[in-house]
Amino acid sequence: MVDVIEQRIDIGGLQAIAIGDPQAALQVVFLHGRMMTGADLAPFAHSLGVPAYFIFPDAPLVVEPRGRSWWQVDTEIRARVGADAPVDLYAMEPVGRARARATLAAVCTALGPGKTRVLVGFSQGGMLAMDHVLHGARPAALVLLSSSRIAWSDWKPRLPRLAGMPVLIAHGRADTELAFAAGEALRDAALAGNAEVTWIAFDGGHEIPLVAWRALRQCLQRLLAD
């Protein structure tokens, strides 16, 4: 088995874990969720067994009790107040959303042009990934894992920017953080934008289970085969 290089780097003003060959034709930028770090998801790069260059950036804001966030968590906490069930955050307008987009854009710019790039986001990271694409980014594919719509009044008229883009969306029926209906609505939004949607509904919670791992791997393998 060939050893895969893993190192900590500075990219686009963020700390990140980089795994694989920087010269690989396929780049995968993987965004973590609220109260996580890039290290929480980095094992995926090794387990997927795909010859790609993986970047797992740490979000810029430190939060309690652990981890980091792409925008101020009090915005999301307010959106959840009074909820006695999993939520759909479609109406939430996160404070710092534009700054988070700019940070992600800086990471992607630092990776350089000319490569096939996939943007993957889990939970809050998926919200940022979709926001980034709807504001003009055009990755080869978009993967949204256990996520939700946000800023819907802004997103809705931008959905045509998804036209023709492969979009993989996975959500657990027993998700206690973000409602399964939120995942379905995210799927429907991508369909409304004429994206090429792959939908994975699984019997689990707020997680990335084997069925989603397999779908992600298949997505990356297809891009490598093209």
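Bear in mind the structure is a predicted one, so any value in this text is a computation, not a measurement.

### So, the overall build of the chain
Then, number 1: In terms of regular secondary structure, the chain is built from eight helices and ten strands.
Then, number 2: In terms of overall dimensions, the chain is globule-like: its C-alpha atoms have a radius of gyration of 16 Å, near the 17 Å expected for 226 residues.
Then, number 3: By principal-axis analysis of the C-alpha atoms, the chain measures approximately 50 × 35 × 30 Å.
Then, number 4: The 226 residues of the chain split such that 56% are buried.
Then, number 5: Within the chain, contacts between residues at least 6 apart in sequence are counted, and of these 72% link residues at least 24 apart.

### Brief notes about the packing of helix 4 (residues 97–111) against helix 5 (residues 124–134)
Helix-helix packing is described using two parameters, namely the angle between the two axes and the distance between the axes.
Then, number 1: Their axes nearest at 10 Å, the elements helix 4 and helix 5 cross at an angle of 80 degrees. The angle between helix 4 and helix 5 places the two elements in the roughly perpendicular class. In contact with Arg97, Ala100, Arg101, Leu104, Ala105 and Cys108 of helix 4, helix 5 contributes Leu128, Asp131 and His132.
Then, number 2: Residue composition of the contact of helix 4 with helix 5, by class: five nonpolar, one polar and three charged.

### Describing the nonpolar core
Then, number 1: In this structure, Ile55, Leu142 and Leu162 are the most contacted members of the largest nonpolar core, which totals 44 residues.
Then, number 2: Ranked by residue count, the leading element in this core is helix 5, at six residues.
Then, number 3: Once residues lying within four places of it in the same chain are set aside, the contact partners of Leu162 are Met130, Val133, Leu134, Arg138, Leu142, Ala189, Ala190, Gly193, Asn194 and Ala195.
Then, number 4: In this structure, Ala42, Leu48, Ala52 and Ala215 belong to the second largest nonpolar core, which totals 33 residues.

### Details of the sheet that holds strand 10 (residues 196–202)
Then, number 1: Read from one edge to the other, the open sheet built from eight strands follows the order 1-2-4-3-7-8-9-10, with strand pairing classed as mixed. The open sheet has two edge strands with one neighbour each: strand 1 (6–11) and strand 10. Pairs of neighbouring strands in the sheet enclose a mean axial angle of 20 degrees, with direction left out of account.
Then, number 2: Against the sheet, helix 5 contacts strand 3 (26–31), strand 7 (116–122) and strand 8 (141–145), and its axis sits at roughly 135 degrees relative to strand 7.

### Considerations on the state of the cysteines
A disulfide bridge is the covalent bond that connects two cysteines by way of their sulfur atoms.
Then, number 1: In total, this model carries zero disulfides according to the counting rule given.
Then, number 2: Sulfur of Cys108: no disulfide; nearest cysteine sulfur belongs to Cys219 and is 15 Å away.
Then, number 3: Taking relative accessible area as the criterion, Cys219 reaches 7% and is therefore assigned buried.

### Structural notes on the packing of aromatic side chains
Then, number 1: A complete count under the given rule lists four aromatic pairs for this structure.
Then, number 2: Between Phe30 and Phe44, the ring centres sit 5.8 Å apart and the planes meet at 35 degrees, which makes this aromatic pair tilted. Pair noted here: Phe30 is in strand 3 and Phe44 is in helix 2 (residues 43–48), with a separation of 14 residues, a long-range link.
Then, number 3: One Lys or Arg, Arg149, reaches over the ring of Trp152 and ends 4.7 Å from the middle of that ring.
Then, number 4: Arg187 extends its terminal NZ or CZ atom over the ring of Trp199, reaching a point 4.9 Å from the ring centre.

### Looking at the environment of Asp10
Then, number 1: Tracing the backbone shows Asp10 in strand 1.
Then, number 2: A residue is classified by how much of its surface remains accessible, and Asp10, at 64% relative accessible area, is exposed.
Then, number 3: The sequence separation of Asp10 and Pro57 amounts to 47 residues, and the corresponding C-alpha distance is 8.8 Å.
Then, number 4: Within the structure, the side chain of Asp10 is placed 2.3 Å from the side chain of Gln15, a separation counted as a polar contact.

Each value, and the rule that gives it
- Residues numbered from 1 in each chain as written.
- Predicted model: local features only at pLDDT ≥ 70, side-chain atom pairs only at ≥ 80, totals over all residues.
- Heavy atoms only, no water.
- Helix = DSSP H or I, 4+ residues; strand = E, 2+ residues; numbered from the N terminus.
- Rg over C-alpha atoms; globule rule 2.2 N^0.38 Å.
- Buried < 20%, exposed > 50% of the residue type's maximum accessible area, 1.4 Å probe, protein only.
- Contact = heavy atoms within 4.5 Å.
- Axes fitted to C-alpha atoms, helices over the stretch in contact; angles between N-to-C directions.
- Parallel < 35°, antiparallel > 145°, perpendicular 65-115°, else oblique.
- Nonpolar A, V, L, I, M, F, W, Y, C, P; charged D, E, K, R; others polar.
- Core = buried A, V, L, I, M, F, W, Y, C linked by side-chain atoms within 4.5 Å.
- Pairing = 2+ DSSP bridges.
- Disulfide = S-S within 2.5 Å.
- Phe/Tyr/Trp six-rings, centres within 6.5 Å; stacked < 30°, edge-to-face > 60°.
- Lys NZ or Arg CZ within 6 Å of the ring centre and 35° of its normal.
- Polar contact = N/O pair within 3.5 Å; in protein donor to acceptor, adjacent residues only side chain to side chain.

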